[in-house]
Amino acid sequence: MAEPVLQVENLVKRFGSLTAVDSLSLEVQAGEVFGFLGPNGAGKTTSIRMMCGLLKPDEGRVLLHGKPLLGGDPETTSRVGVCPQEIVIWKKQTCMEQLLFIADMYGVSRKTAKQRAESLLEQMHLSEKRNKLAKTLSGGMQRRLNLILALVHDPDIIVLDEPEAGLDPQSRVLVREFIQDMASRKTVILTTHNMDEADRVADRVAIIDHGKLLLVDTPEELKKQAGTGDVLEISLSGATEESIAKARETLQSFTDDIIVHDSTLQVRAHGLIEKMPTVLETLHQAEIVPCEMNWRPTTLEDVFISLTGRGLRE
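Every chain begins its residue count from 1, and numbering advances along the sequence as written. Thresholds applied to this predicted model are a pLDDT of at least 70 for local features of residues and 80 or more for the giving and counting of side-chain atom pairs; totals over whole chains, interfaces and linings are not thresholded and use all residues. Only heavy atoms go into the side-chain values, all of them from the structure, while hydrogens and water stay out.

Enquirer: Is there a simple way to explain the sheet that holds strand β14 (residues 289–297) in this structure?
Expert: The antiparallel open sheet is built from 4 strands, whose spatial order is β12-β13-β11-β14. The outermost strands of the open sheet, each flanked by one partner alone, are β12 (257–261) and β14. Averaged over neighbouring strand pairs, the angle between their axes works out to 20° when direction is ignored. With 6 bridges joining them, strand β11 (residues 230–237) and strand β13 (residues 264–269) adopt antiparallel strand pairing. By the bridge assignment for β13, V231 is matched with R268. Across the sheet, helix α10 (residues 272–285) lies against β11, β13 and β14, angled at about 25° from β11, the strand it touches most. In this analysis, strands are considered paired if DSSP registers two or more bridges between them. For helices the rule is a DSSP run of H or I covering at least 4 residues; for strands it is a run of E covering at least 2, with both sets numbered from the N terminus onward. Each axis is a line fitted through C-alpha atoms, and for a helix only the stretch in contact is used; angles between axes span 0 to 180 degrees, taken between their N-to-C directions. Here, two residues are considered to be in contact whenever any of their heavy atoms come within 4.5 Å of each other.

If you want it as structure tokens, here you go:
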């Protein structure tokens, strides 16, 4: 196997008594979209900042193409492009001026920078805004500009921290397609708490919570770990611990997995549609009233809940 583009070895970061990242180790291969997933406060952004050299770890190290990121060759750092979750632009400069300025900071020739800037603006549907001040752009356009500012110096690795945050549906699709196209030429590290987004675009995903790495694998393999089959989610009304325990005992005889999360009963099994009458009769016998039911296939969110017992946005 080829040497990984990025190697993270036992990263630790503490803020006072809080350990934000706890012994994080992982590898990212060339040409893959690597999803870095977890709820708000899980340690994703802190981890990413250390991976990019923006934050010094208390312990551990990061290698890019086998070379230390910190204290190594300055050219190593320039091979990474970072698009932060916060929009970082100069509102009193035009889109083109900002792209050329960033390119100049990385030593890109004026001619090459102009060509790259024009191409990136076109891909993000911003060509008509090239000479407009950034402050005149809509929020979605500013976020798209924020993204291509990280690409104008043509890095090998692009790190995107919540790239779809705050985007309207049309811009979200545009950015998602752009990421998928970019992955054919670059390595992409994508942080998000949107499991659907990761499932659509990532080749492999890592799930992190409370600063610890829980699992790393392809989306399909991770979903298998949560259990195969369909998922039936039932919102409950007036259910007691005793009634839920009674229903669970019966349901376990013909389902693969049962999770009670807040006021929702989640049942997983093959052929759930055929088993629906039996599930409803079981709830009736336990004096549980189903308020709402939702049938769906297994998702990455199920993986996370099965690992942590809580949802991504809690």
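Enquirer: So what exactly am I meant to see when it comes to the nonpolar core here?
Expert: Where a protein is soluble and globular, its nonpolar side chains tend to be buried together. Among buried residues, the Ala, Val, Leu, Ile, Met, Phe, Trp, Tyr and Cys ones that are joined through side-chain atoms within 4.5 Å form a nonpolar core. Between buried and exposed lies partly exposed: a residue is buried under 20% and exposed over 50% of the maximum accessible area for its type, with that area taken using a 1.4 Å probe on protein chains only. If you look at the biggest cluster of nonpolar residues, it comprises 47 residues, and the most contacted ones within it are M124, L145, I148, L160 and V188. Top element by residues in this core is helix α3 (residues 95–105). It accounts for 6 residues. Aside from chain neighbours lying at most four places away, what touches I148 is L99, L120, L121, M124 and L126. Core analysis: the next-biggest nonpolar cluster, separate from the first, contains 25 residues, L6, A42, I48 and V62 among them.

Limitation: the analysis is restricted to geometry and does not speak to function.
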